[in-house]
Amino acid sequence: MWGKQSYRQRIVAAGEEVSYYLWAPDEIREVQGYDDEHWFEDEQLDDLCRQHVALMYKEESQASLLRVLADLVPEVSRLVSASGLPVTDDFVVAYADNTGEIDTLTALQTSLDPGHWALLEQRGYV
């Protein structure tokens with residue numbers, strides 16, 4: 001899922017806890033609904049994901065899920081770039097851990113080059 005520019009503008013205009021709300025998927029979903037979320041339709045992939053979830057519950061750890069998400073960031077970034085989709089200069093691909101086990105902003109900072117992070121800081125987004 002992704003936050004639309006209209007969502008970003010609303011959060012920035014409100015000026016409260018911008019660095020939280022810009023990166024909070026549950027809050028984005030609450031405002032935008034589910035239309036901007038896309039799920040895989042491949043049954044085999046869906047079955048494998050369910051098995052993965054079962055194993056995480058058994059192990060009582062989401063570490064493997066967080067590794068998968070972190071590993072997907074460069075590939076999704078590449079796909080967005082290759083697609084030619086119009087994006088803003090501060091567009092990022094990131095993942096968020098709703099469990100709180102991993103700090104979203106720390107994960108974001110480690111996945112961005114320092115210049116991109118500095119741009120987000122300058123604009124008050126992080």
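Here's a quick rundown of the structure. Model, not experiment: these values are computed from the prediction.

All right, on to a nonpolar patch on the surface then. On the surface, Val 68, Leu 72 and Val 76 cluster together into a nonpolar patch covering about 210 Å² of accessible area. Within the secondary structure layout, Val 76 lies in helix 5 (residues 63-83).

A few words on helix 7 (residues 114-122). Buried within helix 7 are the following residues: His 116, Trp 117, Leu 119 and Leu 120. Projected onto a plane normal to the axis of helix 7, the buried residues spread over an arc of 155° and lie on a single side. In helix 7, the exposed residues that point more than 90 degrees away from the buried face are Pro 114 and Gln 122. Against helix 6 (104-111) lie the buried residues of helix 7. Between a side-chain oxygen at the N-terminus of helix 7 and the backbone nitrogen of Gly 115 the separation is 3.0 Å; the capping residue is Asp 113.

Side chains that carry opposite charge are capable of pairing whenever their charged atoms lie near each other. Applying the stated rule across the entire model yields 6 salt bridges. The shortest N-O distance in the salt bridge between Asp 46 and Arg 50 comes to 2.9 Å. One end of the pair is Asp 46 and the other is Arg 50, both in helix 4 (residues 43-59) and 4 residues apart, which spans about a single turn. Taking the relative accessible area as the measure of exposure, Asp 46 reaches 32% and is therefore partly exposed. Members of the salt-bridge network, linked through shared partners, are Arg 8, Asp 89, Asp 90 and Arg 123.

Procedures and definitions
Residues numbered from 1 in each chain as written. Predicted model: local features only at pLDDT ≥ 70, side-chain atom pairs only at ≥ 80, totals over all residues. Heavy atoms only, no water. Patch = residues over 30% accessible without salt bridge, like charges linked within 9 Å, V, L, I, M, F, W, Y side chains within 5 Å. Areas by Shrake-Rupley, 256 points an atom, 1.4 Å probe, with all protein chains shown as cover. Salt bridge = Lys/Arg side-chain N within 4 Å of Asp/Glu carboxyl O. Helix = DSSP H or I, 4+ residues; strand = E, 2+ residues; numbered from the N terminus. Buried < 20%, exposed > 50% of the residue type's maximum accessible area, 1.4 Å probe, protein only. Arc of directions from axis to C-beta. Contact = heavy atoms within 4.5 Å. Polar contact = N/O pair within 3.5 Å; in protein donor to acceptor, adjacent residues only side chain to side chain.

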